[in-house]
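A closer look at the structure
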Amino acid sequence: MKRISLVIVYLSTIIFVHAQQIAVTQTGEEVILYDNGTWAYQNEDDLEEKEIPTNSKLFKKDKNSTFLLKSNKLNTGFWLNPKVWSFKKATDNPEAEYELQLKGGDLYGMIISEKVEIPLENLKSIAVENGKAVAPDLRITHEEYRTVNDLKVLLLQMDGTTQGIKFSFYGYYYSNSNGTVQFVTYTAQNLLNEYKSESEKLLNGLVEIN
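Description of the structure in this document. (Residues numbered from 1 in each chain as written. Predicted model: local features only at pLDDT ≥ 70, side-chain atom pairs only at ≥ 80, totals over all residues. Heavy atoms only, no water.)

A closer look at the pattern of salt bridges
This model, assessed by the stated rule, comprises six salt bridges. A salt bridge links Lys88 to Glu99; the nearest nitrogen and oxygen atoms lie 3.9 Å apart. On the criterion of sequence distance, the pair formed by Lys88 in strand 7 (residues 85-89) and Glu99 in strand 8 (residues 98-102) is long-range, its members being 11 residues apart. By relative accessible area, which is 43% here, Lys88 ends up partly exposed. Accessibility expressed as a relative area gives 10% for Glu99, which makes it buried. Between Lys201 and Glu198 there is a salt bridge whose closest N-O contact spans 3.9 Å. Taken together, the positions of Lys201 and Glu198, both in helix 3 (residues 189-203) and three residues apart, correspond to about one turn of that helix. Its relative accessible area of 23% is what places Glu198 among the partly exposed residues. (Salt bridge = Lys/Arg side-chain N within 4 Å of Asp/Glu carboxyl O. Helix = DSSP H or I, 4+ residues; strand = E, 2+ residues; numbered from the N terminus. Buried < 20%, exposed > 50% of the residue type's maximum accessible area, 1.4 Å probe, protein only.)

Take a look at the structure:
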């Protein structure tokens, strides 16, 4: 468990640093060069244009999410259960506004807020690009639009590998005229199903504040 915790913290601190090298062959093909001397073609399938499905369910904040964590940059807030989640202003990741951790667990979260409006359909490409800075083999394994507390958000699950550890990002992406929010949880791939319920409860606390 300690090893996983260290790797997850590592992920949050190098979100914009390449874990492996990407090179271009003489024929123009992009390839990933791994530390063990092997290589693979860079897979761009995740960025292909395709219709993103919409989940018809309406998602609401959990009744036990009683604390409202407010963004200092945007008119957004994040209801959470303070008995379950610890949080602090981001220190490990300079791009994030807040960092969160499931108490007694290996599930982590981060909130990245910026005052730039970005269409949801473009946020997908940005999320994949940023994720591949950590793990060039990153792939989207699930995506859908959701209505969360009357807000249209994009849900992305992305799986990748870094330092030999398989991990998953699971989060909401939201944008309005005031700016953009990336509200993301992450853990080891083999733990995601165990933690998905807590991830959902946290993520469903996203709200707009008037």
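On we go from here.
Focus: the environment of Tyr170
Inspection of the secondary structure assignment puts Tyr170 in strand 12 (residues 165-176). Note: C-alpha distance between Tyr170 and Ser199 (29 residues apart in sequence) is 7.6 Å. Those residues within four positions of Tyr170 in sequence are excluded, and the remaining contacts are Arg146, Leu155, Leu156, Gln157, Val184, Thr185, Leu192, Lys196, Ser199, Glu200 and Leu203. Of the polar contacts made by the side chain of Tyr170, one reaches the side chain of Glu200; its length is 2.4 Å. (Contact = heavy atoms within 4.5 Å. Polar contact = N/O pair within 3.5 Å; in protein donor to acceptor, adjacent residues only side chain to side chain.)

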